[in-house]
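# Summary of the model geometry
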Amino acid sequence: MSVPAAPRHIVIAVDGPAAAGKGTLSRRLADHYGLRHLDTGLTYRATAKALADRGLPFDDEEIAATIAADLDLGHLDRSVLSAHEIGEAASKVAVMPRVRKALVEAQRAFALSPPGAVLDGRDIGTVVCPDALVKFYVTASPQTRARRRHDEIVGNGGQADLATILADIEKRDARDTGRTDSPLRPAADAHLLDTTEMGIEAAFDAARALVDTALER
Ligand code: C5P
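This is a predicted model, so every value here is computed, not measured.

This next bit is on the sheet that holds strand β1 (residues 10-15). Strand order in the open sheet made by the 5 strands is β2-β3-β1-β4-β5, with parallel pairing throughout. Every interior strand has two partners, whereas the edge strands, β2 (36-39) and β5 (191-194), have only one. Pairwise comparison of adjacent strand axes, ignoring direction, gives a mean angle of 20° for this sheet. Pairing geometry for β2 and strand β3 (residues 116-121), over 4 bridges, is parallel. In the sheet register, L38 faces β3, and the bridge partner there is L119. Set on the sheet, helix α6 (residues 97-112) makes contact with β1, β2 and β3; between it and β3 the angle comes to about 145°.

Below, the structure is given as structure tokens:
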């Protein structure tokens with residue numbers, strides 16, 4: 001009698017700059033392969049929001065690390081945390097090594113619990129899950145990303161100025177790529193997906209083909 005193979009634990013890492021389409025791609029991959037999904041940006045956003053809500057400073061590493069260590073990953077409310085200004089505050093909190101250490105620990109625990117997960121962020125393939133089965137680096141030109149973010153805000157009934165959003169995106173890219181601890185960069189073994197021309201649907205098809213190939217190995 002043959003013994004059925006144990007289900008394989010799969011981790012997929014998706015990194016890239018703000019508004020490149022990694023969230024949409026990650027959710028699609030998680031649905032397709034029956035995996036859990038964690039948008040790790042929400043963990044930095046939730047830390048920044050908790051500090052702001054309590055009137056605490058963004059630059060006190062000890063306080064910020066304590067807040068980060070107390071976060072409950074099961075209660076990250078995207079609808080509240082996705083505000084554009086919270087992303088800006090999150091990138092300030094994200095430069096502090098002790099904050100990163102606390103959040104990376106929780107993110108790794110999430111990745112390790114069955115049946116596996118798709119994690120998206122800035123340092124998943126390089127730091128959080130260096131042994132991920134497949135790694136993607138999703139990018140697009142700053143203009144394309146600013147336009148997408150602008151249309152998303154306007155589509156949700158909000159108001160947005162394209163030039164301001166582009167300036168914010170460029171500022172955030174500089175902070176994320178320039179920090180000392182876990183800067184944004186593609187892992188050496190990441191597959192590059194540039195969504196400027198290809199669009200997110202085509203990026204999903206390309207990503208799925210690469211994951212299928214990795215699963216056959
Ligand atoms: O992806 P999102 O725009 O929500 O991330 C907000 C900020 O959190 C980023 O600009 C970045 O500074 C930080 N972040 C990070 N590492 C991650 C995910 C997000 O430093 N893995």
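After that view, the rundown keeps rolling.
Attention now moves to the layout of surface pockets. As a volume, the largest pocket reaches approximately 840 Å³. Forming the boundary of the largest pocket are 37 residues, of which A19, D39, R45, R78 and R149 lie nearest the centre. Among the elements of the structure, α1 (22-33), α2 (41-53), α5 (84-93), β3, α8 (142-155) and α9 (162-178) are those that each provide at least two residues to the lining of the largest pocket. Ranked by residue count, the leading element in the lining of the largest pocket is α5, at 5 residues. Grouping the constituent residues of the lining of the largest pocket by class yields 10 nonpolar, 11 polar and 16 charged. No fewer than three residues from each of domain 1 (8-35 + 116-217) and domain 2 (41-114) sit in the lining of the largest pocket. By volume, the second largest pocket amounts to about 180 Å³. Lining the second largest pocket are 13 residues; nearest its centre among them are V11, L112, C129, D131 and A132. Of the residues belonging to the lining of the second largest pocket, the class tally is 9 nonpolar, 1 polar and 3 charged. Counting the residues that make up the lining of the second largest pocket, at least three belong to each of domain 1 (8-35 + 116-217) and domain 2 (41-114).

Ranked by size, the top nonpolar core spans 31 residues in total, and within it Y44, V99, L119 and C129 carry the most contacts. Taken together, domain 1 (8-35 + 116-217) and domain 2 (41-114) each give at least three residues to this core, which thus spans both. Discounting chain neighbours no more than four positions away, the residues touching V99 are Y44, T47, E61, A64, A65, A68 and V93. Among the nonpolar cores identified, the runner-up in size contains 18 residues, and A20, A30, F136 and V211 belong to it.

On to α1, then. End to end, α1 covers 16 Å across 12 residues, agreeing with the expected 16 Å (1.5 Å per residue, within 8%). For α1, the full list of buried residues reads K22, G23, L25, S26, L29, A30 and Y33. Relative to the axis of α1, the buried residues are bounded by an arc of 160° and lie together on one face. Each element contacted by the buried residues of α1 is listed here: β1, β2, β3, β4 (134-139), β5 and α10 (195-216). Backbone geometry just downstream of α1 places G34 in the positive-phi region, at approximately 65°.

Conventions and cut-offs
- Residues numbered from 1 in each chain as written.
- Predicted model: local features only at pLDDT ≥ 70, side-chain atom pairs only at ≥ 80, totals over all residues.
- Heavy atoms only, no water.
- Pairing = 2+ DSSP bridges.
- Helix = DSSP H or I, 4+ residues; strand = E, 2+ residues; numbered from the N terminus.
- Axes fitted to C-alpha atoms, helices over the stretch in contact; angles between N-to-C directions.
- Contact = heavy atoms within 4.5 Å.
- 1 Å grid on protein atoms, 1.4 Å probe; cavity = no way out; pocket = protein on both sides within 12 Å on 5 of 7 lines; lining within 4 Å.
- Points joined across faces, edges and corners; volume = space filled by probe spheres on them.
- Nonpolar A, V, L, I, M, F, W, Y, C, P; charged D, E, K, R; others polar.
- Domains from an automatic or database assignment.
- Core = buried A, V, L, I, M, F, W, Y, C linked by side-chain atoms within 4.5 Å.
- Buried < 20%, exposed > 50% of the residue type's maximum accessible area, 1.4 Å probe, protein only.
- Expected span 1.5 Å × (residues − 1).
- Arc of directions from axis to C-beta.

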